[in-house]
Amino acid sequence: RLDCEEGHLVINNFRSSLAVCICLFVGCSSSTGPKLAPVDGVVTFKGKPLANATVTLIPDKGPFAMGVTGADGKFTVSTGVSRGAVIGNVKASITEGQAGSGEATKQPTTPEEAEAYMKKAAETQAAIAANGGIPPKPVSTIPEKYGKVESSGLSYTIKASGDNHLKIDLVE
């Protein structure tokens, strides 16, 4: 025989267990955005690393991803504040130089710098989206065709798992 307090405890434990199960089921079965996969790479122009270039990956469907190359031409892309790019086919554009002060190319070394970098990247993406998908035009030494996905000739497939290391070799 259960007294009232014990029965109340059993019901509360059952409700708690049920709530946990529901949360786990919902958390595992739903997503809050497009599926992303990590993407990194290197951009070269005439065989040399291209520093301070913005790499933009535009998928067939979903939000675009961006990254900025370091002095060694290496980059990692993010979609908004999430690392990675939408899985599937993407077209790429490369623009040399970064509008503004050039501080965006400094690689973050602390969590605070990483947060500031991601915030700046999100602001840049929002500004580009507000401008019809057209980034500000910096001074460039690479051919203009690479600055637009329609003329760049750069297309890739982002895989859900495996190597998504892009080697982007630009020529005249």
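Criteria and thresholds
Residues numbered from 1 in each chain as written. Predicted model: local features only at pLDDT ≥ 70, side-chain atom pairs only at ≥ 80, totals over all residues. Heavy atoms only, no water. Helix = DSSP H or I, 4+ residues; strand = E, 2+ residues; numbered from the N terminus. Polar contact = N/O pair within 3.5 Å; in protein donor to acceptor, adjacent residues only side chain to side chain. Buried < 20%, exposed > 50% of the residue type's maximum accessible area, 1.4 Å probe, protein only. Pairing = 2+ DSSP bridges.

(A) Structural view of the environment of Q125. Of note, Q125 is situated in helix 2 (residues 111–130). Separated by 69 residues in sequence, Q125 and T56 have C-alpha atoms that sit 9.7 Å apart. Of the polar contacts made by the side chain of Q125, one reaches the backbone nitrogen of G80; its length is 2.9 Å.

(B) Structural view of the environment of T54. Looking at the secondary structure, you find T54 in strand 4 (residues 53–59). Judged by its relative accessible area of 6%, T54 is buried. As for T54 and V68, which are separated by 14 residues in sequence, their C-alpha atoms are 4.6 Å apart.

(C) Spatial organisation of the pairing of strand 10 (residues 88–96). One ladder, built from seven bridges, connects strand 4 with strand 10; its direction is antiparallel. Residue L57 lies in a different strand from strand 10, and its bridge partner there is A92. Note: strand 10 against strand 11 (residues 154–158), five bridges, orientation antiparallel. Across the sheet, the residue bridging to V90 is Y156, located in strand 11.

(D) Examining unusual backbone geometry more closely. At K46, a position not held by glycine, the phi torsion is positive, near 55°. Tracing the sequence through the fold places K46 in the loop between strand 2 (40–45) and strand 3 (48–49). One non-glycine residue, N52, lies in positive phi territory at about 60°. As for its placement among the helices and strands, N52 is situated in the loop between strand 3 and strand 4.

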